[in-house]
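# Structural features, examined
Read off the chains here:
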Amino acid sequence: MEEIFDLIIIGGGPASMSAGIYAMQTKLKTLLIERNTFGGQIATTSSVDNYLGFQKISGEELSKKMYEHLLSTNIKICNEEVTKTILNENIKQVFTHNNCYKSRTVIIGIGTSIRKLGVDNENKYLGHGLSYSTLNDRDKFQNKCVAVVGGGNSAIEDAIYLSEKVKKVYLIHRRNEFRADRKLVEMLYEKINNNTQIELKLEYKPISIVGENEINQLKIIHIPDEKIETIDVDGIFVAIGRGADTDIIDINVNRNNSGYIITDEQMKTNLPGVFAVGDIRNTPLRQIVTATSDGAIASISALNYIKGNI
Ligand SMILES: Cc1cc2nc3c(=O)[nH]c(=O)nc-3n(C[C@H](O)[C@H](O)[C@H](O)COP(=O)(O)OP(=O)(O)OC[C@H]3O[C@@H](n4cnc5c(N)ncnc54)[C@H](O)[C@@H]3O)c2cc1C
C-alpha cells in the first residue's frame, strides 16, 4: 500500500531538525528530507557564541550535536533534493529527483540561498578562484591576493581569517560602514591597525572579473564618482548575504515582496496543513534560536491540524 506520512519536513537545518524532534515526541509519522549536509547554514559557520547553553562552539560541532539528537529519535530521514511540491490538496506531494512522497502535512524549512555578485561570466569562475565564502576554499590562496566582497558578519570573518593566510586582502563593500556585529568590526580595525594586509575599499562594487581560465583581476567601481579601478587578485570571496529561493514550493503558498513565505504565529501558511519555519519565513530575526523555536511550534501546529484542532 502507498505510504502516507503524517508530516514531511523539507530541509535539515536547525529549524527542521527541531521540528523533527518535536514531531517524533508527539508520535507523528514523519519523514525529513535534506539535500545536503545536516545543519544547514551553521554547518559552514566557524563559530557560534550566542546559542543558549553553548558559550562558544563551532558551527560544525553544533550541527553534529543537533543531528545526533535528531537521529536519537529514530526519525525517518532521506538525503534527496526536493524538486517540486503540490501542497494545495489534502494529501500533499513532495517530489525529489526519483521519488514522490505523500503526507497530510508539510513543514517547509529550506532556509535561504547565497546571493551572487551578478557580474558577467560569474559561473565560469566558480571553483576557479570564485567562492561564496565556503570554509573549504579558504586555504587555497596562501601568499596570494584575494578580494572579499560584502559588509556583514561573513565578509568580515572571511577578511580577518584570510589576512592571516594570504599576501593581501581587499575588503570591498558598497557602503561606507559595515552592518556586521560591532565586535567583529572592532576586530577588523584592530587587525588593520596592526598592519595586517587588509585594504578597505569602501563605497566600491565589483563590475567584472578578468582572467582566461583562472581569476587574474577584478574591476571595481567607486560608487560616488563612478571611477573604475582594476585590482590584481587570484581569488574572490563573495559574502553579500542571502535571499529567499522558493522555486520548489507550490506557487499557491503566499510569499511577501522579498519572496519569504508568510506565516502566522503558529507557523501556518495560507494553505491548510502547510507550515514554514526558520529563515525562509517572514521573520524579524534569522538566527538559530528563532529557527529552532519555529520548528517546535510548527510540529505542534501540524499535530493540532491532524487532530482537527486548527
Ligand atoms: C556565516 C553565518 C554565520 C551565522 N552565525 C550565526 C550565529 O552565530 N548565531 C545564530 O544564531 N545564527 C547564525 N547564523 C544564522 C543561522 O545559521 C540561521 O538563522 C539558521 O541556520 C537558519 O536555520 P534554517 O533551518 O531555517 O535554515 P538553514 O540553516 O539554511 O537550513 C536549510 C536546509 O534546507 C536544505 N534545503 C534547501 N533546499 C532544499 C531542497 N530543495 N531539498 C532538500 N533540502 C533543502 C538546505 O540544504 C539546508 O540544509 C549564521 C549564518 C551564517 C551564514
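Heads up: the structure comes first, above all this text.
The paragraphs below set out a description of the structure included in this document. (Residues numbered from 1 in each chain as written. Predicted model: local features only at pLDDT ≥ 70, side-chain atom pairs only at ≥ 80, totals over all residues. Heavy atoms only, no water.)

It is worth spelling out unusual backbone geometry at this point. Phi angles above zero are rare outside glycine, and Asn74 is one such case at about 65 degrees. As for its placement among the helices and strands, Asn74 is situated in the loop between helix H2 (59-71) and strand E3 (76-78). Of note in the backbone geometry, Asn143 takes a positive phi value of approximately 60 degrees without being a glycine. Within the element layout of this structure, Asn143 appears in the loop between strand E8 (130-131) and strand E9 (145-149). (Helix = DSSP H or I, 4+ residues; strand = E, 2+ residues; numbered from the N terminus.)

Our next topic: the packing of aromatic side chains. Per the counting criterion, the structure on display carries 4 aromatic pairs. Here the aromatic rings of Phe38 and Tyr67 are separated by 4.5 Å at their centres, their planes lie at 20 degrees, and the arrangement is stacked. Taken together, the residues span a long stretch of sequence, with Phe38 in the loop between strand E2 (30-33) and H2 and Tyr67 in helix H2 at a distance of 29 residues. Phe38 gets classed as buried once you look at its relative accessible area, which sits at 9%. Measuring from centroid to centroid gives 6.3 Å for Tyr51 and Phe54, while their planes differ by 5 degrees, and the two rings are stacked. In this structure, Lys84 packs its charged tip against the face of Phe95, placed 4.9 Å from the ring centre. A cation sits over an aromatic face here: Arg286 above Tyr260, 3.8 Å from the ring centre. (Phe/Tyr/Trp six-rings, centres within 6.5 Å; stacked < 30°, edge-to-face > 60°. Buried < 20%, exposed > 50% of the residue type's maximum accessible area, 1.4 Å probe, protein only. Lys NZ or Arg CZ within 6 Å of the ring centre and 35° of its normal.)

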